[in-house]
Amino acid sequence: MRIFESKTGNTVTLRLRGRLEVNTAEYLREAMKKIDTENEKLVLDLSELEYISSAGIRELMICQTKMGKGNMDIIKISKSIMETFELTGFDDILPVSREDIEVPSYMGVSFKSFIERKARTCGDKVVIVDSDREWTWEQIDKCAQIMAVDLSYMGVKKGTRVALCGANSVGWIICFFALQKLGAMAVLINFALKPSEVATISELGDINYLCYGEMTAMDDEFTYIKEVRACHENKITNFFSLQSPIMYLQRLGEYEIVKNYYHEPIDADAPSVMLYTSGSTGKPKGVILSSYNLLRSADVSRQAQKLTEDDRLCQAPPLFHIFGLVFGLLSFLLADAKVFLPDTVKSDELLRTIEENKCTVYHAVPTMMLMLLGSKDFTPEKVSSVRCSMLAGAPTSPAQMEYMQKLMPGNHFMQVYGLSEIAPATITEYGDTQDHLLNTVGKPVICCELMIRNVETGKECAPGEMGEILIKGFNMMLGYYKLPYDSQPIDADGWLRSGDLGIITEDGYLKISGRLKELIIRGGENIVPNEIADAIVKMDEIEDVKVVGVPSKFYGEEVAACIRLKEGAEFDEEKARDFLSKELAKYKIPSYFFIYDKFPTLPSGKMDSVRLKKEAAERTAESAEITD
């Protein structure tokens, strides 16, 4: 059990998460020792409590005895917890608020139990749709069971790390659940990786199995597999194709024979997924997560989006990425809503999928959203059914947000901040103001805490002061696979160091300033790239911009602006400098402006910042040679 403490005036609120029973009661006792029972009031918030035993209720009675009559309230009790109070008669003895709340029924279960329960309770519900057919919960569960047998015969078992790699598909989804049935760890990797890169990940993650679907660099399966095997770093010895999921429908007759296999329970907190980071800021790292991490995160997302079974998602972000997996697929599966899998993520196919299926939700990283809206095939009518879009993966400037709102006036945009290591951390939800949407990424989600720490002093920043963003929460990863403890980003107080710079406003909202490593130091001046980007994108001709630091013999670094123009627009550098001189201090105005037709991106849709910065440095060097 975990306890989150907050204080308002002389009232202390303890929010309990997990299970309150004989083995966890000591945590509540320790928290009670910090309370001044003579001068403070106590509120026990049970909104996150999943289970309470009779011993747990006894602890609450002890708390009441310590606080005295009238000085303690118990609030936000779920129906299942209230039943225990009523059964023991303590609903009349303790100061219980009868404000029933909804507690998700899938939060304390493994993915294995999750899919089996869904198949049992709503098996005929269609939840996945691809270009070939509709798929029900029952079909997905049965196909996953049969695929689990195939994988088991290959040697996959509980604890085996299996790479799952491929473009979004039904086969990918079935394989994900098949691995969970076996208790194996699904290692989700980028489907654009070349054979040498797959081999490197196999060495980093001690991976002997690769389940693959459609992959960007795979012209033919035989050649690709041969090249992986030939790599010196490769540890993969077994390959499993996911490119014919319909084959498993044709084998449903086998289900009755194998349906009782693999009944060993899997704990919800057991490591079940490893997400390999994109490597956009360095060497890829394996982020270890559990079913509880991911399903609980998905439920936060489900509630923020106000999803119902009538919603329809155009699943564009890749499933190997935390954004596509949690905010898309898992959030919708929790709601029993339909997930549509487009054949490609090209703008014309995405627009067709949205228009023909009347999709109500479409998520994207800002770059992909801008590309969709700037497509020659785009019209507002084609996306008129969309009511909600989450934007994550990179900051969205106020000018870009207003542009999106103008082209999709019926859509509710939501800013989201999180990492593969912990997501979501913040969300702008329904009811937030336009100012919050334009200028922040929202408030911390339930059971998530933020702190801004001064990068030089290590002390907590006051509201309005910029520093590194630190996060704690229910959805924090276990850690990076096999990285030494002193290389892990979790400090001695349990805070995850994000590597991002930000500000917390007076009203508790988070503003992202940029990456700590992306700070440009020009002649001793610290320059935040996002501040410059926000000014540049205000110019009418600018579609998108990324500001980076490039080498300078004199200043150490100079500012370079990499720009994408709106269709048909022209760029006047002198005019741009004049405009920016009214917005920025002289030393912040870019020394270089580079025009791009499109930015290099990762398969997740996020900008490839490492490659872009390298290209900008090369173009800077070329400019210097010409000048010399």
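The present account deals with the structure reproduced in this document.

Cut-offs and rules
- Residues numbered from 1 in each chain as written.
- Predicted model: local features only at pLDDT ≥ 70, side-chain atom pairs only at ≥ 80, totals over all residues.
- Heavy atoms only, no water.
- Buried < 20%, exposed > 50% of the residue type's maximum accessible area, 1.4 Å probe, protein only.
- Helix = DSSP H or I, 4+ residues; strand = E, 2+ residues; numbered from the N terminus.
- Arc of directions from axis to C-beta.
- Contact = heavy atoms within 4.5 Å.
- Patch = residues over 30% accessible without salt bridge, like charges linked within 9 Å, V, L, I, M, F, W, Y side chains within 5 Å.
- Areas by Shrake-Rupley, 256 points an atom, 1.4 Å probe, with all protein chains shown as cover.
- Salt bridge = Lys/Arg side-chain N within 4 Å of Asp/Glu carboxyl O.
- Lys, Arg positive; Asp, Glu negative; His and termini not counted.
- Charge placed at Lys NZ, Arg CZ, Asp CG, Glu CD.
- Core = buried A, V, L, I, M, F, W, Y, C linked by side-chain atoms within 4.5 Å.
- Pairing = 2+ DSSP bridges.
- Axes fitted to C-alpha atoms, helices over the stretch in contact; angles between N-to-C directions.

This part covers helix α1 (residues 25–32). Along α1, the residues classified as buried are A25, L28, A31 and M32. All buried residues of α1 lie within an arc of 120° about the axis, which places them on one face of the element. Buried residues belonging to α1 abut β1 (2–8), β2 (11–20), β3 (41–52) and α2 (54–67).

A cluster of acidic residues, D219, D220, E221 and E227, forms a negative patch on the protein surface. By the element assignment, D220 lies in the loop between β11 (209–212) and α8 (221–230).

Let us look at the nonpolar core. Nonpolar side chains in soluble globular proteins generally cluster together in the buried interior. By size, the foremost hydrophobic cluster in this structure holds 149 residues, and its most contacted members are I128, F177, L188 and Y362. With 11 residues, helix α12 (residues 322–335) is the single largest residue contributor to this core. Setting aside chain neighbours within four positions, we find I128 in contact with R133, E134, W135, I140, V170, I173, L329, L333, V339 and L341. Core analysis: the second largest hydrophobic core is formed by 27 residues, V12, I35, L46 and M67 among them.

Reading across from one edge, β12-β11-β9-β10-β13-β14-β24 is the order of the 7 strands in this open sheet, with mixed pairing throughout. The strands lining the two open edges of the sheet, one partner per strand, are β12 (238–241) and β24 (479–480). Across 5 bridges, the pairing between strand β13 (residues 271–276) and strand β14 (residues 286–290) is antiparallel. Considered in β14, the bridge of L275 is made with V287.

Here we come to the sheet that holds β1. Taken in spatial order, the 4 strands of this open sheet run β1-β2-β3-β4, and their pairing is mixed. With one partner strand each, in any of the chains shown, β1 and β4 (72–75) form the two edges of the open sheet. Taking each pair of neighbouring strands and ignoring which way they run, the sheet shows an average axis angle of 20°. Note that β1 and β2 share 7 bridges and pair antiparallel. Each residue of the ladder has a partner; that of E5, found in β2, is L14. Across the sheet, α2 lies against β2, β3 and β4, angled at about 175° from β3, the strand it touches most.

For the coordinates displayed, the defined rule picks out 32 salt bridges. In this structure, E256 and K259 form a salt bridge, with 2.9 Å as the shortest nitrogen-oxygen distance. Classification of K259 by relative accessible area gives partly exposed; the value is 32%. Between E573 and R577 there is a salt bridge, with the nearest N and O atoms lying 2.9 Å from each other. Placement of the pair is E573 and R577 together in helix α18 (residues 573–581), with a separation of 4 residues, close to one helical turn. Classification of R577 as partly exposed rests on a relative accessible area of 27%.

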